[in-house]
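Chain by chain, the residues:
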Amino acid sequence: MVDEVRELAAALDAVDGGMLVVVTGAGVSVASGVPTFRGTDPGAIWKRDLTELATRSFFERDPVASWTWYLARFDGILAGEPNAAHRALVDLEVWQRDRGGDFLLVTQNIDPYHERAGSRELIKVHGSADRVRCSTTGCTYGAPSGSLPRDEIDLSTFRREPSRANLPRCSECAGWLRQHVLWFDEYYNEHRDYGWDRVQAAAAGADLLLFVGTSFSVGVTELFRQAAQLRRVPCFSIDPGAEAARGPGLTTLAHPAEDLLPSVLEALSR
Ligand SMILES: [Zn+2]
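In this report, the structure presented in the accompanying data block is examined. Just so it is clear, the structure is predicted and the values come from calculations on it, not from any experiment.

Here we look at the overall build of the protein chain
In step 1: Looking only at helices and strands, the protein chain has 10 helices and 10 strands in total.
In step 2: Relative to its length of 270 residues, the protein chain is compact, with a C-alpha radius of gyration of 19 Å against a globular reference of 18 Å.
In step 3: Projected onto its principal axes, the C-alpha positions of the protein chain cover 60 × 35 × 30 Å.
In step 4: The burial tally for the protein chain puts 39% of its 270 residues in the buried class.
In step 5: Long-range pairs, those at least 24 residues apart, make up 64% of the contacts in the protein chain between residues at least 6 apart in sequence.

Okay, structure coming up:
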């Protein structure tokens, strides 16, 4: 791992006062106990039902089942803690900021571990498990800009007796509340919190891209990768499940992020 640590540290150092963009995916949270969407680990429960359950059409068809499934799923996620990879990315942000450079962390994860660890310049492109919003577009608490912390909503009645009558409702318009996450049949530009304008600007302006624990199978990752290739910006991917590879467009470092990143930060601080 020593060579990879040195290589990535040197590339990060070379960004200098430029724009460093980190894109994280499910892999960064595996060490926090969150199963990946498309991973090979045995806990990858999403694989089976995800494309049907994680949709607006499923919510509209069966809001009780949607809420029940998400409550079980998100209760587990919200009980988790950041790991060494999340903490190392906070250190990387501080390191970059202290030398006058720009930094942006874009995560595909809906868990709250990056912000709990202390990341500041953060965009959660797929929403957040710890927030809900009104399902009525245009409502104060709905798209395109409204949402609420989940722990401010009384879910006790629905938890006790999941039914249509007990679905959590918006205090403003009495519409059903929903998860504040991007569903498969929705678009990045449907809610301001997904930060789509800023994501596109970052893709066009990055001086180095670091992918962490992402499988390159969703739109946002492809956007960054293509922009980087076009502009010949150095790209690194930390992914223990991939083959280690050094190409002109992308260097893949096949190590767990929670091992590699703290070592990189240690090298940078020397
Ligand atoms: Zn409402």
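Focus on the sheet that holds strand β6 (residues 177-181)
In step 1: Read across the open sheet, the 3 strands follow the order β5-β4-β6; overall the sheet is antiparallel. In this open sheet, the two strands that pair with only one neighbour each are β5 (148-149) and β6.
In step 2: Here strand β4 (residues 127-134) runs beside β6; their pairing, made up of 4 bridges, is antiparallel. The residue bridging Cys-134 from the neighbouring strand is Leu-177, located in β6.

With respect to the sheet that holds strand β3 (residues 122-124)
In step 1: Strands sit in the order β3-β2-β1-β7-β8-β10-β9 across an open sheet of 7 strands; the sheet is mixed. Either end of the sheet is taken by a strand with one partner, and the two such strands are β3 and β9 (245-246).
In step 2: Packing of helix α9 (residues 219-231) onto the sheet brings it into contact with β1 (19-24), β2 (102-107), β7 (208-212) and β8 (235-238), and relative to β7 it is tilted by some 150°.

The rules behind each value
- Residues numbered from 1 in each chain as written.
- Predicted model: local features only at pLDDT ≥ 70, side-chain atom pairs only at ≥ 80, totals over all residues.
- Helix = DSSP H or I, 4+ residues; strand = E, 2+ residues; numbered from the N terminus.
- Rg over C-alpha atoms; globule rule 2.2 N^0.38 Å.
- Buried ≥ 20, exposed ≤ 12 C-beta atoms within 10 Å, placed from the backbone.
- Contact = placed C-beta atoms within 7 Å.
- Pairing = 2+ DSSP bridges.
- Axes fitted to C-alpha atoms, helices over the stretch in contact; angles between N-to-C directions.

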